[in-house]
Amino acid sequence: MEFQGQTAVVTGGSRGIGRAVCLELARGGANIVLCYAGNEEAAQETKGACEALGASALAVRCDVSDAGQVGALMEAALSAFGRIDILVNNAGITRDGLLMSMKEADFDWVIAANLKGTFLCMKAVSRQMVKQRFGRIVNLSSVVGLRGNAGQVNYAASKAGVIGMTKSAAKELAGRGITVNAVAPGFIETDMTAAMPEKAREALLPAIPLGKLGTAEDVARAVAFLAGNGYITGQVLCVDGGMAM
Ligand code: NAP
């Protein structure tokens, strides 16, 4: 029970990778505060699954791109559990399109959820973590943030930005006992990738040395590893079947 007595806030914890992270940390003994954008049913299901593992859990509706809602999320976590030890910035969206035809609104939307959301959540917990002189922040980036991908200038920019923010925050907060790292998944079986046409999925496989898509649990184990280590900071851990090497 590596995380016994600790509290973890997981954004986008209702589905996919976030859900698997909630379960992995709950299995380790953490109290779980998960946020979600609108899928109440999925959020309640994940909350129940955490409780079935013996954890205390809270599900809070919160749009991470809204500073007021992020403040309320962290206040809810603190009033329920008194501290925030782990923050996993997992909430993320895609609005794909080629550069020449991408709508400005789709660029702004993705940057707001993926990049500004990560900034707002890190900012909101940093004061509490400094007070505790303890914190573990893990941000979800993507191999697309390292290598780029046609049709995803908005998403790639947001995920590259997450890496820059991770390293900067790691330098700022290291002296206060707080580590900040990023996990960069490759192609993982979730709702986000289920929307891809079968042909595009097949075309992708040769680019993955391990020859298969990853699972949400593969990513969750990497997140838990970084959340449980106090001597790794400012790093980007790829969980991608070897794609980005
Ligand atoms: P997913 O299955 O589409 O789930 C997205 C989660 O984020 C849901 O819980 C959703 O809540 C929540 N969310 C979306 N916008 C939000 C907002 N503005 N505020 C709060 N919550 C919000 O996604 P996933 O595939 O698990 O991806 C999780 C993270 O990993 C993302 O950051 C993604 O970019 C990254 N990633 C994924 C892959 C992959 O192959 N799947 C690869 C690389 C990186 P609702 O349930 O309420 O909608």
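Structure report, in brief. If you're wondering where the values come from, they're calculated on a predicted model, not measured in any experiment.

**Section: the site of the ligand**
So, point 1. Residues in contact with the ligand amount to 29 residues; listed here are only the nearest, Ser-14, Arg-15, Gly-38, Tyr-155 and Thr-190.
So, point 2. Take Cys-62: an N or O atom from its main chain is 3.3 Å from a nitrogen atom of the ligand.
So, point 3. In this structure, an oxygen atom belonging to the ligand sits 2.5 Å away from a side-chain N or O atom of Thr-190.
So, point 4. Within the complex, the protein chains bury 93% of what would otherwise be the 910 Å² of accessible surface of the ligand.
So, point 5. Its atoms largely coinciding with the cavity grid, the ligand occupies the largest pocket.
So, point 6. Considering each element in turn, the shell around the ligand owes the most residues, 3 residues, to helix 7 (residues 191–194).
So, point 7. A class-by-class count of the residues in the shell around the ligand yields 13 nonpolar, 12 polar and 4 charged.

**Description of the environment of Leu-204**
So, point 1. On the secondary structure map, Leu-204 appears in helix 8 (residues 198–204).
So, point 2. In the structure, Leu-204 is positioned 17 residues away from Phe-187 in sequence and 8.8 Å away in space, judged by C-alpha atoms.
So, point 3. With sequence-adjacent residues up to four places away left out, Leu-204 is seen in contact with Phe-187 and Met-196.

Quick notes on the rules
Residues numbered from 1 in each chain as written. Predicted model: local features only at pLDDT ≥ 70, side-chain atom pairs only at ≥ 80, totals over all residues. Heavy atoms only, no water. Near = heavy atom within 4 Å. Polar contact = N/O pair within 3.5 Å; in protein donor to acceptor, adjacent residues only side chain to side chain. Areas by Shrake-Rupley, 256 points an atom, 1.4 Å probe, with all protein chains shown as cover. 1 Å grid on protein atoms, 1.4 Å probe; cavity = no way out; pocket = protein on both sides within 12 Å on 5 of 7 lines; lining within 4 Å. Sits in = over half its atoms within 2 Å of the grid points. Helix = DSSP H or I, 4+ residues; strand = E, 2+ residues; numbered from the N terminus. Nonpolar A, V, L, I, M, F, W, Y, C, P; charged D, E, K, R; others polar. Contact = heavy atoms within 4.5 Å.

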